[in-house]
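# Understanding the architecture of this molecule
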Amino acid sequence: MIKCVVWDIDNTVLSGVYLESPDRLPDADPVIASVLRELASRGVLHALASRNPPEAADYVRQVTGTSFAAARCGWGSKADAVAAITAELDLTLDAVAFVDDDMIERAEVAAALPRVLVLSPEDAADAASWPQFGPAVVTDEARRRAEMYEQRRRRQAASSKFAGTREEFLRQVGTRVTIAPAVAGDAARLHELSVRTHQLNSSGVPLGAAEFGVLIRAPGRLVVAVRLADDFGDDGLVGAAVTELDDAGTWSVPLVMMSCRALGRGVLDSLLGWLCRSAARAGARELQVPCLVTERNVPMRLALAAAGMRAAAGAAGADGRAIFARSLSGELPPVPDWVTVETVP
Ligand SMILES: [Mg+2]
């Protein structure tokens, strides 16, 4: 699934060259402008990579009426710009497409970053009909994605000026994490998270909205939805966990997943702390999270370890999963006091 399209400016988003016509700046290409709007409405992010001064990005924002989550205007290589944008937005290269009218630029990016989908503007005009650009159900979170990245930029700027600890910053900006039982109306967003999350996903198995609907209603299981907001804005539903309690006194968590937007904001640690404490309160002696061991979900496994969970030596079984487990006696990982927990039946 493509989460972000990085666009060239000259003769791609603009029907002309920005620096060649200072008296009459070129208009937006009407076909590309409508692709920008269509993809944005589905939650695909846009970014700019251009050999131009930074003012060109402001001009493109204005003339297309589109939000760009990141822009790299300068004289370096396009491949470096695409890699920097991917890192800035916490994406992986296979979630990124790059569009440029210049065949040489496309070849350079394709060679340096083979996981990036490289397209000409003509291809991009068709892209809206390709499945990797179009989720079947557009969630509220998807529609507001570009806005949330804008909030994120302001949050990061404030954070880099803040002198205290990360925890003090999260408190200062009014971070609010809400953990509550999922309801039927959350199923589409849970499905979207299960498809889109990789760095913070324990199972690596995408589930359909209907499957989440079944899990939400199933007795003996609890699906919790995690929401995140702060003074910069509301990120909506950013994560979830599915739990099962077995007769032997073990709480098993077959799925923990979290949007990468929540990285560094105390949300996953809060959820894991809450899971430990809830399991202990329910009388469980052990909490287990079977976790697929992949290169991509290292951040998930680090968070499990930070919550005191350890995988048995020899790690992954035949299915590629390692069981991360911890005893629920003794001191449990904390849940920060900014976490609101709605009543769990
Ligand atoms: Mg160009």
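Described in the following lines is the structure provided in the data block. (Residues numbered from 1 in each chain as written. Predicted model: local features only at pLDDT ≥ 70, side-chain atom pairs only at ≥ 80, totals over all residues. Heavy atoms only, no water.)

### A closer look at the sheet that holds strand β5 (residues 117-119)
Strand pairing in a sheet takes place through backbone hydrogen bonds and is either antiparallel or parallel in direction. Read across the open sheet, the five strands follow the order β3-β2-β1-β4-β5; overall the sheet is parallel. Strands at the two margins of the open sheet, each flanked by one partner only, are β3 (70-73) and β5. The mean angle between the axes of side-by-side strands here comes to 20°, regardless of whether they run parallel or antiparallel. As judged from the four bridges shared by strand β1 (residues 4-7) and strand β4 (residues 96-99), these two strands associate in the parallel manner. Residue pairing for β4: Val-6 is matched across the bridge by Phe-98. Sheet strands in contact with helix α2 (residues 30-41) are β1 and β2 (45-50), and its direction is about 155° off that of β1. (Pairing = 2+ DSSP bridges. Helix = DSSP H or I, 4+ residues; strand = E, 2+ residues; numbered from the N terminus. Axes fitted to C-alpha atoms, helices over the stretch in contact; angles between N-to-C directions. Contact = heavy atoms within 4.5 Å.)

### Quick word on the sheet that holds strand β12 (residues 321-327)
The eight strands lie next to each other as β11-β12-β10-β9-β8-β7-β6-β13, forming an open sheet whose pairing is mixed. Pairing within the sheet leaves two strands with one partner each, and these edge strands are β11 (310-311) and β13 (339-341). By the bridge criterion, two bridges tie β11 to β12 in an arrangement that is antiparallel. Note that in β12 the partner of Arg-310 across the bridge is Ala-325. Sheet contacts for helix α8 (residues 145-161): β7 (221-230) and β8 (233-245); angle to β8, the most-contacted strand, approximately 100°. Lying on the sheet, helix α13 (residues 298-306) is in contact with β9 (250-258), β10 (286-292), β11 and β12; it crosses β10 at an angle near 165°.

### Things to note about the side chain of Asp-230
Here Asp-230 lies in strand β7. Exposure remark for Asp-230: the relative accessible area of 3% places this residue in the buried category. A polar side-chain atom of Asp-230 sits 2.6 Å from a polar atom in the side chain of Arg-155. Within the structure, the side chain of Asp-230 is placed 3.2 Å from the side chain of Arg-265, a separation counted as a polar contact. If sequence neighbours within four positions are ignored, Asp-230 has contacts with Arg-155, Val-173, Gly-174, Thr-175, Arg-176 and Arg-265. (Buried < 20%, exposed > 50% of the residue type's maximum accessible area, 1.4 Å probe, protein only. Polar contact = N/O pair within 3.5 Å; in protein donor to acceptor, adjacent residues only side chain to side chain.)

### A word on the pattern of salt bridges
Under the criterion given, the structure shown has 27 salt bridges. Salt-bridge contacts for Arg-115 lead to Asp-94; the nearest nitrogen and oxygen are separated by 3.5 Å. With Arg-115 in the loop between α5 (103-112) and β5 and Asp-94 in the loop between α4 (78-88) and β4, this residue pair connects regions lying 21 residues apart in the sequence. With relative accessibility at 32%, the residue Asp-94 sits in the partly exposed group. Between Arg-227 and Asp-186 there is a salt bridge whose closest N-O contact spans 2.7 Å. Of the two residues, Arg-227 sits in strand β7 while Asp-186 sits in the loop between β6 (176-181) and α10 (187-196), which places them 41 residues apart along the sequence. Note on Asp-186: relative accessible area 7%, which makes it buried. A cluster of three or more residues bridged by salt bridges with shared partners is formed by Asp-8, Arg-51, Lys-78, Asp-100 and Glu-105. (Salt bridge = Lys/Arg side-chain N within 4 Å of Asp/Glu carboxyl O.)

### Quick notes on the coordination of the magnesium ion
For a metal with four tetrahedral donors the ideal donor-metal-donor angle is 109.5 degrees, whereas six octahedral donors ideally subtend 90 or 180 degrees. At 2.1 to 2.2 Å from the magnesium ion lie its protein donor atoms, namely Asp-8 (OD), Asp-10 (O) and Asp-101 (OD). Here the donor residues for the magnesium ion map to a single chain with the spacing D-x1-D-x90-D. Taken together, the positions of Asp-8 in the loop between β1 and α1 (9-13) and Asp-101 in the loop between β4 and α5 put the pair 93 residues apart, joining distant regions of the chain. (Donors = N, O, S within 2.8 Å, 3.2 Å for Na, K, Ca; no water.)

### A word on the pairing of β6
Of the pairings in the sheet, the one linking β6 to β7 comprises six bridges and is antiparallel in character. Considered in β7, the bridge of Val-177 is made with Leu-228. Of the pairings in the sheet, the one linking β6 to β13 comprises three bridges and is parallel in character. Residue pairing in the sheet places Val-177 in a bridge with Val-339 of β13.

### Considerations on the environment of Val-238
As for its position among the elements, Val-238 is in strand β8. A C-alpha to C-alpha distance of 9.8 Å links Val-238 and Leu-268, two positions 30 residues apart in sequence.

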